Structures are given as C-alpha cells and as structure tokens.
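Understanding the architecture of this molecule
In case you want the letters, here they are:
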Amino acid sequence: MSTYACARHDLTDAQRELLEPLLPPGVPVAGHDQRHAADNQSRGAGATYHPTTGPGGGPCALYRTWQTGEVWEHIEAALVTHADAAGKVGWRMSVDSTTCRAHVHAAGARKESVRSWWRGSPRTTPWEPLGAGGPPRTRAAVDAACGMLVLLLTAGQAADCPMMIPVLEEIRVAHPGPGRPRTRPQMVLADKAYSSRANRDWLRNHHIQAAIPVKADQAAHRRAGGSRGGRPPAFDPIAYKDRNAVERCFGQIKQNRAMATRYDKLAVRYQATTHIASTDH
C-alpha cells in the first residue's frame, strides 16, 4: 500500500522501488525526500509541487542540481542496463531526430549564462539558449521495443546525415557484472536522409547491418557510372518496416508536455526534461 496519497502522474510504488536505489543520497531540502522530489521532477516543467512537499525553492533547487549533475542520465542508463539484463532490449536500432516548437517563454535567457563547452561542434552546448537555429533537435537511437538507448541534443540547423555516427557512438549499455559495455547494435534502420557512403562504410567497418534506402539521385549516379559505380547497397524492406519504432517512441515521450513544448530557456534544462520523459515512458 502506498505510504502517501498519490496525485495524478505520481510514480507508482513499483516504480519508486526501482528508482530509489538509483537516486543520489538524500539531502534534506526544506523537508523534501528524494521520492517526492522524483515525483515532482517526473511531471516535467509547468507542473505544480507535490502537496506533501509544499511550495518554495527547495524542489527547484534540487531539480537544478540533478540537471547539472546529470543524475537523470545516470538513472536512464541504469534502467537500460536493468532492461538489457532482463532481455527486454532489442538490438535492432532505429535512428532519427525530432524537433519540438519552443514556447514563447523559452526565449530571453541571459547572455552571460551561456558557456561554449563544445566550440565548433554541431552539438548544443549545455548552457545554450534558443539561437538562430531555433529549438535544438532531439536525436535518438531506439530499439525494437521503442526503448531509447541514446538521446542527444544538437543545434536546430544541424543536418541529419552527419549526426548518425555520433548518435551510434553514444550507445553504452553496461552489464550488471564485469565486462565492457555493449556499444554495437546488430542492425541500424534509418530513412533516406541518413544514406551516405560515409555512414554505410562506418556501419560495414563495425560489422553492423544497415537497412537504409538509397536516395534517388545516389542511385542514378551509381547507374551512370556503369560498372565503376559498383553494386547497389543491400536493403531489406521487411526489416525496414520496423523503423517506425523511433517514430512511436517520439510520439510516446511527447506525451510529456514539457518535452512536446519547450519551456526551458537553457539547453541543460531541456536535456534533463527529455531524459525524464524518456525514463517515464
């Protein structure tokens, strides 16, 4: 039986039991415990405080601390490890990206708060506000069961094709016991936007099958080259049907209002929001 009255969208007792060992050591913040804090944070931006934790800066201060400390990233990684140990992770990965329209309140971050941690990189810097590129794109590698193994924010103007390899290189699924984490899927499913020689060569060199359709202009260029154009890349249309897993995953995490409509001014806040939405779904 629950130890306190549950509000809508609160974590269930089973979810709390799974999350509690993964939370950082409890630090008293205005009388809030970590489980209630997790309830507050799992609701996302724009939600009210839990009736048993009360108003004030305590939950917000703890939220900011967890964001900058990458607590939710560690929680998500631990949950993926738990799912993989239970045989619930399918290693046929779908890669794609999505963007969410930013709310008007997401604009206006103070310029002095911006830090360029990754200069010259297409990735969004942790403290970057909305810029000329608009809202950042959320890129993901999703397994066959719609579970998100990688979630990466990049600048809004960054193209899809060059970002496939960086997304796949972020795959790190640790084992419960000793041993290196698993980093390579069996197959990668992606749409035509990710069709390039560089991507296919990288997948081939890492012994990963590809189910990526060829663009019409690329196919025409190969045919024009005759025998020098080489053979067309292998494509499995049956396996490609499972690419909808990434679209369904995006649809599920966008049920979180803070994910679907960005209210956060800084990328570090929105990145934490996306990880919470991924963990929650």
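Up top you'll find the structure we're talking about.
The present account deals with the structure reproduced in this document. If you're wondering where the values come from, they're calculated on a predicted model, not measured in any experiment.

1. Quick word on helix 9 (residues 244-253)
For helix 9, the complete set of buried residues consists of A245, V246, C249, F250 and I253. Looking straight down helix 9, one finds its buried side chains confined to an arc of 140°; they lie on one side.

2. Some thoughts on the pairing of strand 1 (residues 92-98)
Burial analysis of strand 1 places six of its seven residues in the buried class, which makes it a mostly covered element. Strand direction decides the pairing type here: strand 1 and strand 2 (residues 137-142), joined by five bridges, are antiparallel. Following the sheet pairing, D96 is matched in strand 2 by A140.

3. Remarks on the side chain of E76
Of note, E76 is situated in helix 4 (residues 71-85). Residue E76 is classed as buried on the basis of its relative accessible area, which comes to 9%.

4. Quick look at the packing of helix 4 against helix 11 (residues 267-280)
Running from N to C, helix 4 and helix 11 cross one another at 25°; their axes reach a closest spacing of 9 Å. In terms of their interaxial angle, helix 4 and helix 11 are classed as roughly parallel. Helix-helix and strand crossings are classified by hand; for helix 4 and helix 11 the assignment is left-handed. Of the residues in helix 11, those touching helix 4 at W72, E73, I75, E76 and L79 are Q271, H275, I276, S278 and T279. Considering only residue class, the contact of helix 4 with helix 11 consists of four nonpolar, four polar and two charged.

5. Describing the pairing of strand 3 (residues 148-154)
Side-chain direction in a regular strand flips from residue to residue, so the side chains alternate between the two faces of the sheet. Extensive coverage of strand 3 is indicated by the burial of seven of its seven residues. Judged from the six bridges that link them, strand 2 and strand 3 form a sheet pairing that is antiparallel. Considered in strand 3, the bridge of R137 is made with T154.

6. Comments concerning the sheet that holds strand 3
Strand order in this open sheet of five strands is 3-2-1-4-5, and the pairing throughout is mixed. The open sheet has two free edges, formed respectively by strand 3 and strand 5 (209-211), since each of these has just one partner strand. Each strand axis lies, on average, 20° off the axis of its neighbour in the sheet, ignoring direction. In the packing of helix 11 onto the sheet, contacts are made with strand 2 and strand 3, and the angle to strand 3 comes to roughly 160°.

7. Quick word on the pattern of salt bridges
Note that side chains of opposite charge can pair when their charged atoms are close. What the rule picks out here adds up to six salt bridges. Its salt-bridge partner being D96, residue R243 comes within 3.1 Å of it at the nearest N-O pair. One end of the pair, R243, is in the loop between helix 8 (237-240) and helix 9; the other, D96, is in strand 1, with 147 residues separating them in the sequence. Like R243, the residue D96 is buried in the burial classification. The shortest N-O distance in the salt bridge between E247 and R243 comes to 3.4 Å. Classification of E247 as partly exposed rests on a relative accessible area of 37%. With a relative accessible area of 14%, R243 lands in the buried category. In the salt-bridge network here, residues are joined through shared partners; they are D96, R243 and E247.

Calculation criteria
- All residue numbers refer to position in the chain's written sequence, counted from 1.
- Under the rules for a predicted model, residues below a pLDDT of 70 receive no local features and side-chain atom pairs below 80 are neither given nor counted, while totals for whole chains, interfaces and linings still include all residues.
- Computation of side-chain values covers all heavy atoms of the structure but excludes hydrogens and water.
- Buried means the residue's accessible area, taken with a 1.4 Å probe over protein chains only, is under 20% of the maximum for its type, while exposed means over 50%, and partly exposed covers the values in between.
- Helix and strand labels come from DSSP, where a helix needs a run of H or I of at least four residues and a strand needs a run of E of at least two; each type is numbered from the N terminus.
- Here the arc refers to the directions that run from the helix axis out to each C-beta atom.
- Strands were regarded as paired on the criterion that DSSP finds at least two bridges between them.
- Axis lines are fitted through C-alpha atoms, for helices just across the contact stretch, and the angle between N-to-C directions can take any value from 0 to 180 degrees.
- Any angle from 65 to 115 degrees is called roughly perpendicular, while one under 35 is roughly parallel, one over 145 is roughly antiparallel, and all others are oblique.
- In this scheme the handedness of a crossing depends on how the near helix is turned from the far one: anticlockwise by less than a right angle means left-handed, clockwise means right-handed.
- Residues count as neighbours in contact if any of their non-hydrogen atoms are within 4.5 Å of one another.
- Any residue that is not Ala, Val, Leu, Ile, Met, Phe, Trp, Tyr, Cys, Pro, Asp, Glu, Lys or Arg is counted as polar, Gly included; the first ten are nonpolar and the last four charged.
- We count a salt bridge whenever a side-chain nitrogen from Lys or Arg sits within 4 Å of a carboxyl oxygen from Asp or Glu.

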